[in-house]
Amino acid sequence: MNIISVRKLWKTYGEQVVLENLNLEVKEHEFVTIVGASGCGKTTFLRMLLGQEAPSRGEFLLDGRPLPNEPGPDRGIVFQRYSVFPHLTVLENVMLGLELDGRSPSARLLGRAFGSRRREARERARAMLVEVGLDAARDKYPSMLSGGMQQRLSIAQSVICNPRILLLDEPFGALDPGISSDMHRLILRLWERHRMTIFMITHDLREGFELGTRLLVFDKTRLDAQAPDAFGATITYDIPLNVKGNRLLQELDAATARTERFREEVELA
Amino acid sequence: MNIISVRKLWKTYGEQVVLENLNLEVKEHEFVTIVGASGCGKTTFLRMLLGQEAPSRGEFLLDGRPLPNEPGPDRGIVFQRYSVFPHLTVLENVMLGLELDGRSPSARLLGRAFGSRRREARERARAMLVEVGLDAARDKYPSMLSGGMQQRLSIAQSVICNPRILLLDEPFGALDPGISSDMHRLILRLWERHRMTIFMITHDLREGFELGTRLLVFDKTRLDAQAPDAFGATITYDIPLNVKGNRLLQELDAATARTERFREEVELA
Amino acid sequence: QEKKKFKLAWSIYVGWMPWDYADHSGIVKKWADKYGIEIEVVQINDYVESINQYTAGAFDACVMTNMDALTIPAAGGVDSTALIVGDYSNGNDAVVLKGGKTLKDIKGRNVNLVELSVSHYLLARALDSVGMSERDVKVVNTSDADIVAAFTTPQVNAVTLWNPQLAEVMAMPNAAKVFDSSRIPGEILDLTVANSDVLKANPAFGKALVGAWYETMAIMAADDAKGRAARAHMGEASGTDRAGYEAQLKATHMYYQPAEGVAFTRSEQLVQTMDHVRKFSFAHGLLGEGARSADAVGIAFPGGKMLGNARNLKLRFDDAWMQMAAEGKL
Amino acid sequence: MRLVNRKPGRMAALSLGALPFVLLLIAYLVASGLRLAENPDDKLMPSFASIGAAIHQVAFTENPRSGEIVLWSDTWASLKRLGIALGASALIGLCLGILIGIVPYLRAALAPFITALSMIPPLAILPILFIVFGLDELSKVMLIVIGIAPFIVRDIALRVGELPAEQLIKAQTLGAGSWPLMLRVVLPQMWPRLIDALRLSLGAAWLFLIAAEAIASTDGLGYRIFLVRRYLSMDIILPYVVWITLLAFCMDYALRLLSRRLFPWAEAGARR
Amino acid sequence: MRLVNRKPGRMAALSLGALPFVLLLIAYLVASGLRLAENPDDKLMPSFASIGAAIHQVAFTENPRSGEIVLWSDTWASLKRLGIALGASALIGLCLGILIGIVPYLRAALAPFITALSMIPPLAILPILFIVFGLDELSKVMLIVIGIAPFIVRDIALRVGELPAEQLIKAQTLGAGSWPLMLRVVLPQMWPRLIDALRLSLGAAWLFLIAAEAIASTDGLGYRIFLVRRYLSMDIILPYVVWITLLAFCMDYALRLLSRRLFPWAEAGARR
Ligand SMILES: Nc1ncnc2c1ncn2[C@@H]1O[C@H](COP(=O)(O)OP(=O)(O)OP(=O)(O)O)[C@@H](O)[C@H]1O
Ligand SMILES: Nc1ncnc2c1ncn2[C@@H]1O[C@H](COP(=O)(O)OP(=O)(O)OP(=O)(O)O)[C@@H](O)[C@H]1O
Ligand SMILES: [Mg+2]
Ligand SMILES: [Mg+2]
């Protein structure tokens, strides 16, 4: 069965139609990348998937049932404007999701883990921080981090929980190519291992093509110059992509090698 | 004379050395693009140029005199996290700089323009909004804009004042390729017309190479795995680029054409 | 119903300071022990609040003036008995003018005073005495704590007030006392009042209170070291010293002997005074919104004399307790 | 659905909001009934019938002496004082708060003093206030102002301090001097904060009003309350207190609506 | 350099901060001198000599009756009451404020009631309060709590409402239920806000303390002021007021330091 089904979905803000007549079926373990012009409604779509916004019209189904209209641990998110918790250090920010893990009583009662569970959470968080290159900054507060570091922290915080569906809103926009491809690898590995379903918005077409198993293009099909808000965007292209996980990892390595070569060339110059 | 001279500049936060021994001379009307790993101190460098942070050691000269340690209208900025004024509509946000223009008494007294000056400011702001594609959203408040729209608003707000030095911190990171190249054209045109000096941080190497007349790479030259904060980054490469304004504009047009072609190809698929 | 623990509320005023001394020197405890009960003596700084609390049932006895006894507990349906008539104001309350010689000069002025208090009553009696009425002045309600400071401002040029504020005001330049309570002796009474029901069920409570009071009176009246010490204690507790306190005593006619209290309680003058008071109170709406005439609340005096509605007898002047003290039967 | 996401409908919200008031009313009725059973003349917690009679007396019957209806003339006198005082406090709070919040030299010079001022219990230094402001209307208004303005100043200064540094820097790069910066960037963002601060200080404002009217006055809601306190007329005090609370509640509500209407950008950002 | 960017040094800040106090002192000296020249017995603005004598009396001389030094025993009694009341108010404010701020159903049920509560002038319903809470220590503490807790509740609720929606959503995607959300995300971010709210309500707390002590008490700073007020003993009242202000000022300062020390993340974000 399809994990996500969207049928005749409309979203309006007041007079403005943002999305119109959206239809989409997504199977488990797909990696959907979304591209589209700025302001066309990509984030709005993700927000509806999250349960933060309600559709104005149409159906939004998860596993065939209406999407719960509240966020839940099954759907993780990395917001476009990286939002981390200002009162927690980097390490605590990453541990939070593990500590909140709903199964243990201490998590339910105190939102904390103790003893061996805490140690384990700590270990896993540290390992994740190493992966996103923030281990050295683990005791800093978010306000002391650079933009890209906050972005990576936000990614680490969300992916460590291994949600069933992962929503990424321009997650690598603030990262340099090297770290960006590290992140690609990380995401792909988690995607393979936990068989997540991923929705990722990106402005980097190459990234969209390379990472996804399917690329959606959001665009307006009708335009009225007099009333630019009268028509909304919808999915204009839905392109299946054939490059798959392992193969892509190899390609990424090749790309990294190319960057290295550039470096060397520059050094010679 | 050089507009900016940096001599033996160090910047530390507590124990952490962020920048070490930076030396740089920049002439008027240069377009300096800066690349470097996330968290290596690029934004910190811009913040010092702005007067928001003081160097820990070393000299920072503007026109041969110590940089004033406060921001001023000669140095415009587009922050990495787009910061616009939440209480002003899009149009008012862009008009603000024109209204604050220090020469008229009403600007000094009330921070507003009246009569013909106001009409003129309005016209110019509207024209700028058309250029960044926000004219339809001109009466919205920033909280109602998408991430990319806020970013464009922030750019429009800063460049409309034609500062002598323009500081851009990953200005196009949240924009799709089409709008991004529109922005490139806009910036280049302003750069040519007003003979600004521009510093632009970017993570898109291509963007860095194509736009700038000079590319700086920030990186650490020394590393201590035990104490990752003990050494700071500095300028490891300083590459003069030869593509110049007009020629680049043509290249950009070609690039746009390529995107269009991609579109058509996809449509055929 | 019978009980063992009782509470007396008192507030700081010259005529009631003996309660503080009686409490601190152990006299109250001694008398309470004698009757096998416990009496808690509680100081409440806000005079009105102490009566309100008594009326609301938080205390079994409380000190108050005759007028307040009528208008607050009695009008509030709490049957109250005046156990002890401690003193009357003999100059402790006065009308003071700034830049005026006689009471007649008050005409047309704003008079600052604690509205509906004995000061108000005094002013009414004063105006009466020169053929004026309240219409000839404008009463401005001013709390007793602020009245001295108010008098220092140019806007205020007539006040009615009591001691020790009176003394402070008189110390200021160009303050003239134009009428005081010595002109209406025996009309402003300081009483110790107890709940009649409690008293009926527990006569021991009344006996202990009266016994303690008159023992204190005896000490206080004496011009020996102990008496001086007692007066010094009372002065200090009221925020001044012995000299200051004795000055206040001079304007207070204390009934040191129980017999004097008994005699006064039995006198016809008390009936007349209470008649004045209840008429004044009724005219100012103090007997409650439901009161149709000054007769609404009944007042009983020794010897079967009575004022007002006999079926709503709520204030009783009872000489029996003081009589017991006078006869040494306690 | 999580508790934090479950939102009551309009009707549910209204009835939920009314619930505590109803409970309080019931508690009063029970307590009052118990007391009245013991002493039918009890004044502390009068029955609704006698409160109704008192209300009729003060709110709908002309006072024979003055020809005025007591409640309305009291209300009018009090609201006038309160209005002037709130206006003055808001103005002072806004101006000083912004200045202290944004000009470091002024902060250094004034913040400790304002802090100290806000700690002085005004009721303890009334005599000095009388000398400075006299005893008439001015002094009552001033007592309220002294009571709440320092709070508003400090609150606004705190809020100015919470503005992100980036905004102020951006404005300066757009050519704003100190003064236009305050006028165009700080001030407009402080309006909704000022309304919040005013709402939070309404209770204190009424308190000081009542205290002021208790000091030397011939009309006003506070005057009446203190006057009838002399004979424990809770049948008048309680309706007066309810009336005051209602007036204050309505002012609070009006201010909130005003804020929503005038500053939509402020609501848009936050959650509530 | 723009005024908003010019920062005084440490010494300059200290002397600037002292300036208004010095001016006030001078103003007092002049006014007092003028009044005393006219009437040497004037009690309203006593000279420093007589204030000094009074201070010596209350602060350094044992009271022969009780063997205590009045000022210290008063201070101790008052601080105890204040401390308990502030603690209780903070606790109530934090718990209720967070609940009201984040649980819509609770907000609907309680926000109007708390608003109404905060508007009731407690001094007007004293008789009922005293009947409910008695006349001993509890009632004094309760008067302060009733006076300031509603304010803190409302302030905290407002602040919770200002938390960005993204944070709460993010926490929920990380698996937080309503309770852990409050505990781990909202509560910690409210600590510095609570300290701010406490600082802002210190003045009111002292006010209510003094009012409570003036009504029913036999010790405490407010009691002493009440006691000597009828003699217009400004030579005692003024040092007491200064002492109260100083105590409150120090509490305010200590709270600010505490907040800086304990919640570095809160300072880092904002400008100040
Ligand atoms: N206020 C601060 N306190 C402590 N450390 C800070 C502070 N601000 C920045 N840093 C540290 O300085 C370093 C450089 O930060 P900066 O923002 O300049 O990086 P950047 O090069 O702009 O990175 P990015 O590309 O991710 O934006 C980071 O390691 C960051 O942790
Ligand atoms: N709260 C709101 N009120 C009114 N309009 C809104 C609101 N939120 C979003 N919009 C509008 O909805 C449209 C889509 O916004 P959205 O954030 O989904 O764009 P996006 O595709 O994510 O763009 P970007 O790539 O720039 O992030 C925009 O035109 C925006 O102005
Ligand atoms: Mg978006
Ligand atoms: Mg940066």
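Let us now look at the pattern of salt bridges. Taken as a whole and assessed by the stated rule, the structure comprises 77 salt bridges over all chains. The shortest N-O distance in the salt bridge between Glu-25 of chain A and Arg-7 of chain A comes to 3.6 Å. Of this pair, Glu-25 of chain A sits in strand 2 (residues 16-27) while Arg-7 of chain A sits in strand 1 (residues 2-13), and the two are 18 residues apart along the sequence. Under the relative-accessibility criterion, Glu-25 of chain A is labelled partly exposed at 31%. Residue class for Arg-7 of chain A comes out partly exposed when judged on its relative accessible area of 37%. A salt bridge links Arg-164 of chain A to Asp-63 of chain A, with the shortest nitrogen-to-oxygen separation between them at 2.8 Å. Separated by 101 residues along the polypeptide, Arg-164 of chain A in the loop between helix 5 (147-159) and strand 7 (165-169) and Asp-63 of chain A in the loop between strand 4 (57-62) and strand 5 (65-66) bring together distant segments of the chain. With relative accessibility at 32%, the residue Arg-164 of chain A sits in the partly exposed group. If you follow the salt bridges from partner to partner, you end up with Arg-154 and Glu-162 of chain D together with Arg-159, Arg-193, Asp-196, Arg-199 and Asp-252 of chain E in one network.

Summarising the element assignment, Arg-119 of chain A is placed in helix 4 (residues 115-132). Placed 97 residues apart in sequence, Arg-119 of chain A and Leu-216 of chain A show a C-alpha to C-alpha distance of 41 Å.

So, about helix 2 (residues 90-100) of chain B. In terms of burial, helix 2 of chain B is largely enclosed, as ten of its eleven residues are buried. Taken as a whole, helix 2 of chain B has its buried residues at Val-90, Leu-91, Asn-93, Val-94, Met-95, Leu-96, Gly-97, Leu-98, Glu-99 and Leu-100 of chain B. Buried positions along helix 2 of chain B lie against helix 3 (105-110), helix 4 (115-132) and helix 5 (147-159) of chain B together with helix 7 (165-173) and helix 8 (178-215) of chain D.

By convention here, two paired aromatic rings are described through the distance between centres and the angle between planes. With the rule as written, the count across this model stands at 25 aromatic pairs over all chains. Geometrically, the ring pair formed by Trp-19 of chain C and Trp-213 of chain C is tilted, given 5.3 Å between the ring centres and 45° between the ring planes. Here Trp-19 of chain C, found in helix 1 (residues 17-24), pairs with Trp-213 of chain C, found in helix 9 (residues 203-221); they are 194 residues apart in sequence, far enough to count as distant. As far as burial versus exposure is concerned, Trp-19 of chain C and Trp-213 of chain C are alike and both buried. Between Phe-301 of chain C and Phe-317 of chain C the ring centres are 5.5 Å apart and the planes differ by 0°, which places this aromatic pair in the stacked class. Of this pair, Phe-301 of chain C sits in the loop between strand 12 (298-300) and strand 13 (306-307) while Phe-317 of chain C sits in strand 14 (residues 313-317), and the two are 16 residues apart along the sequence. Chaining the aromatic ring pairs together yields one cluster made of Phe-45, Phe-60, Phe-199 and Phe-218 of chain A. Lys-11 of chain B extends its terminal NZ or CZ atom over the ring of Tyr-13 of chain B, reaching a point 5.2 Å from the ring centre. Over the aromatic face of Phe-59 of chain C sits the side chain of Lys-7 of chain C, whose NZ or CZ is 5.1 Å from the ring centroid.

For chain D, the assigned domains read domain 1 (1-45) and domain 2 (74-265). A C-alpha centroid distance of 31 Å is found between domain 1 of chain D and domain 2 of chain D.

Below, the discussion takes up the coordination of the magnesium ion (ligand 3). All names here are of chain A. With distances of 1.8 to 2.2 Å, the protein atoms coordinating the magnesium ion (ligand 3) are Thr-43 (OG1) and Gln-80 (OE1). You can see Thr-43 sitting in helix 1 (residues 42-50) and its partner Gln-80 sitting in the loop between strand 6 (75-78) and helix 2 (90-99), a full 37 residues away along the chain. A relative accessible area of 22% means that Thr-43 is categorised as partly exposed.

Let us look at unusual backbone geometry. That bond from Asn-163 of chain C to Pro-164 of chain C is cis: its omega, 5°, falls within 30 degrees of zero. The topology assignment puts Pro-164 of chain C in the loop between strand 8 (158-162) and helix 7 (165-170). The backbone of Asn-21 of chain A sits at a positive phi, close to 50°, despite the residue not being glycine. Relative to the helices and strands, Asn-21 of chain A is located in strand 2. For Leu-232 of chain E, which is not a glycine, the phi torsion comes out positive at approximately 55°. Overall, Leu-232 of chain E belongs to the buried group, its relative accessible area being 4%.

Before going further, it helps to spend a moment on the site of ligand 1. Neighbouring residues of ligand 1: 21 residues in total, closest Ser-146 of chain A together with Gly-39, Lys-42, Thr-43 and Thr-44 of chain B. Among the chains of the assembly, those with residues near ligand 1 are chains A and B. Lys-42 of chain B places a polar main-chain atom, nitrogen or oxygen, 2.7 Å from an oxygen atom of ligand 1. The contact in question runs from an oxygen atom of ligand 1 to an N or O atom on the side chain of Gln-80 of chain B, over 2.8 Å. Contact with the protein chains hides 91% of the accessible area of ligand 1, taken as 640 Å² for the molecule alone. Among the elements of the structure, helix 5 of chain A together with strand 2 (16-27) and helix 1 (42-50) of chain B are those that each provide at least two residues to the shell around ligand 1. The element best represented in the shell around ligand 1 is helix 1 of chain B, accounting for four residues. In the shell around ligand 1, the residues fall into six nonpolar, eleven polar and four charged.

About the cut-offs
- Residues numbered from 1 in each chain as written.
- Chains lettered and ligands numbered in written order.
- Predicted model: local features only at pLDDT ≥ 70, side-chain atom pairs only at ≥ 80, totals over all residues.
- Heavy atoms only, no water.
- Salt bridge = Lys/Arg side-chain N within 4 Å of Asp/Glu carboxyl O.
- Helix = DSSP H or I, 4+ residues; strand = E, 2+ residues; numbered from the N terminus.
- Buried < 20%, exposed > 50% of the residue type's maximum accessible area, 1.4 Å probe, protein only.
- Contact = heavy atoms within 4.5 Å.
- Phe/Tyr/Trp six-rings, centres within 6.5 Å; stacked < 30°, edge-to-face > 60°.
- Lys NZ or Arg CZ within 6 Å of the ring centre and 35° of its normal.
- Domains from an automatic or database assignment.
- Donors = N, O, S within 2.8 Å, 3.2 Å for Na, K, Ca; no water.
- Near = heavy atom within 4 Å.
- Polar contact = N/O pair within 3.5 Å; in protein donor to acceptor, adjacent residues only side chain to side chain.
- Areas by Shrake-Rupley, 256 points an atom, 1.4 Å probe, with all protein chains shown as cover.
- Nonpolar A, V, L, I, M, F, W, Y, C, P; charged D, E, K, R; others polar.

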